[in-house]
Amino acid sequence: MHSEHYTERADALEEFFTDSYTHVDPLSGIDPSFVFDFEEYDDLEDGQRWSTWLSVEPLQRGPEPRPDWLVTSQGAIDTELGILKTGKEADVFLVERADPLDPENAVVMAAKRYRAPDHRSFHRSAAYTEGRSMKRSRDNRALKRKSTFGREVAAGEWAVSEWGALVRLWQLGLPVPYPVQIDGTEILMEWITYDGESAPRLAQTRPDPELLASYFDQLRDSLATLVQAGLVHGDLSAYNILAAGPRLVIIDLPQVVDLVGNANGMDYLLRDCTNICGWFRGKGLEVDEQELFGELMAHAF
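Residues numbered from 1 in each chain as written. Predicted model: local features only at pLDDT ≥ 70, side-chain atom pairs only at ≥ 80, totals over all residues. Heavy atoms only, no water.

## Thoughts on the overall build of the chain
Consideration 1: The number of helices and strands found in the chain is six helices and twelve strands.
Consideration 2: Long-range pairs, those at least 24 residues apart, make up 65% of the contacts in the chain with a sequence separation of at least 6.
Consideration 3: Total accessible area computed for the chain in this model is approximately 17,600 Å², and 51% of it derives from carbon and sulfur atoms. (Helix = DSSP H or I, 4+ residues; strand = E, 2+ residues; numbered from the N terminus. Contact = heavy atoms within 4.5 Å. Areas by Shrake-Rupley, 256 points an atom, 1.4 Å probe, with all protein chains shown as cover.)

Shown next as structure tokens:
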């Protein structure tokens, strides 16, 4: 009697728990915002790293509004594609940033990396840094002594200077690559292309007369915007301007100086005008550096 009773109760409990765990959705009643799908990423290969977008400080990321091609996924991977350009102070590499789960939205960027202290030259004159201040006196002393630590500080200083110039010039609406982020001595920026290839330097082009005149007008307008903001490129030439089809893009900006705060500001501006006008005259466009300089000074004051 008792045995049959216990057997019936055991069967009823088993049926209850079976129904409860088999037929009831364990996620029922949970706010959907707390539910997510989990997918595992593969291990990284040689020449790859996880995206550093979220590992840098907010002010080390590009200004808003940000372009829609930017990849900000925490699961994105940076893959080295090769070197694009070598220089005296820095080398530029191509880096692809892509989320393996969203490969269609991958983007290739230019990564400018200032060289390690033992493998770079001090091409940039100290005259460019006049008017700038560093937060720590120890850094200033090391820079003056050109010690090993001072060389490391210098590499970081030029990277920070270029980052600041890129951000400011982009916000002014000037034709510069979009600054994606800075991490130590590496700056990630927009890769300037035309027809799927790296845009050539202006010095490598042979524009027809109409395009040549358009190029000069673009540069004159850009220089006017710069001086209105109290800035001078300081090292402008046909070698640090890219020709992306019908438009020009200005690059190489670590030496941007204050027109008034730097004692050499006006000299640098005149030199920029001389370099630019000399190249355009060589291509058949009648322009004069003194006339351009006077026009720009009228914008400045």
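## Side note on the environment of K88
Consideration 1: Tracing the backbone through its elements, the reader meets K88 in the loop between β2 (77-86) and β3 (90-99).
Consideration 2: Given the relative accessible area of 53%, K88 is considered exposed.
Consideration 3: When the C-alpha positions of K88 and R115 are compared, they lie 8.5 Å apart, and in sequence the two are 27 residues distant. (Buried < 20%, exposed > 50% of the residue type's maximum accessible area, 1.4 Å probe, protein only.)

## What to know about empty space enclosed by the protein
Consideration 1: Counted according to the given criterion, the structure contains one cavity of 30 Å³ or more.
Consideration 2: Taken together, L169, L174, V176, L226, H233, I250 and L253 make up the lining of the largest cavity. (1 Å grid on protein atoms, 1.4 Å probe; cavity = no way out; pocket = protein on both sides within 12 Å on 5 of 7 lines; lining within 4 Å. Points joined across faces, edges and corners; volume = space filled by probe spheres on them.)

## Details of the pattern of salt bridges
Consideration 1: Tallied over the entire structure, the rule returns twelve salt bridges.
Consideration 2: Among the ionic pairs, E162 bridges to K112, the shortest N-O distance being 2.8 Å. Taken together, the residues E162 in helix α3 (residues 148-171) and K112 in strand β4 (residues 102-114) connect sequence positions 50 residues apart.
Consideration 3: When its relative accessible area of 11% is taken as the criterion, K112 is described as buried.
Consideration 4: A salt bridge links K112 to D252; the shortest N-O distance between them is 3.3 Å. Here the residue K112 occupies a position in strand β4, and D252 occupies one in the loop between β11 (247-250) and β12 (257-258), the gap between them amounting to 140 residues. Considered together, K112 and D252 belong to a single accessibility category, that of buried residues.
Consideration 5: Linked through salt bridges whose partners overlap, the residues forming this network are R49, D78, E80, R97, R113 and E186. (Salt bridge = Lys/Arg side-chain N within 4 Å of Asp/Glu carboxyl O.)

## Here's the deal with the pairing of strand β6 (residues 186-190)
Consideration 1: Counting buried residues along β6, five of its five residues qualify, which places the element largely inside the surrounding structure.
Consideration 2: Where β4 and β6 come together, five bridges link them in antiparallel fashion. Paired with A110 across the two strands is M189, which belongs to β6.
Consideration 3: One ladder, built from four bridges, connects strand β5 (residues 179-183) with β6; its direction is antiparallel. Looking at β6, one finds that I182 is bridged to I187.
Consideration 4: If you look at the hairpin formed by β5 and β6, you'll find two residues sitting between the two strands, and G184 has a positive phi there, around 65 degrees. (Pairing = 2+ DSSP bridges.)

## Details of helix α5 (residues 265-282)
Consideration 1: Over its 18 residues, α5 extends 26 Å from the first C-alpha to the last, a length consistent with the 26 Å expected when each residue adds 1.5 Å.
Consideration 2: Of all the positions in α5, only G265, Y268, L269, D272, C273, I276, C277, W279 and F280 are classed as buried. Projected down its long axis, α5 carries its buried residues within an arc of 160 degrees, all on one side. With respect to the buried face of α5, the exposed residues turned more than 90 degrees away are D267 and G282.
Consideration 3: Those residues of α5 that are buried lie in contact with α4 (209-228), β9 (231-232), β10 (241-244), β12 and α6 (289-300).
Consideration 4: Directly after α5, the chain includes G284, whose backbone phi takes a positive value near 105 degrees. (Expected span 1.5 Å × (residues − 1). Arc of directions from axis to C-beta.)

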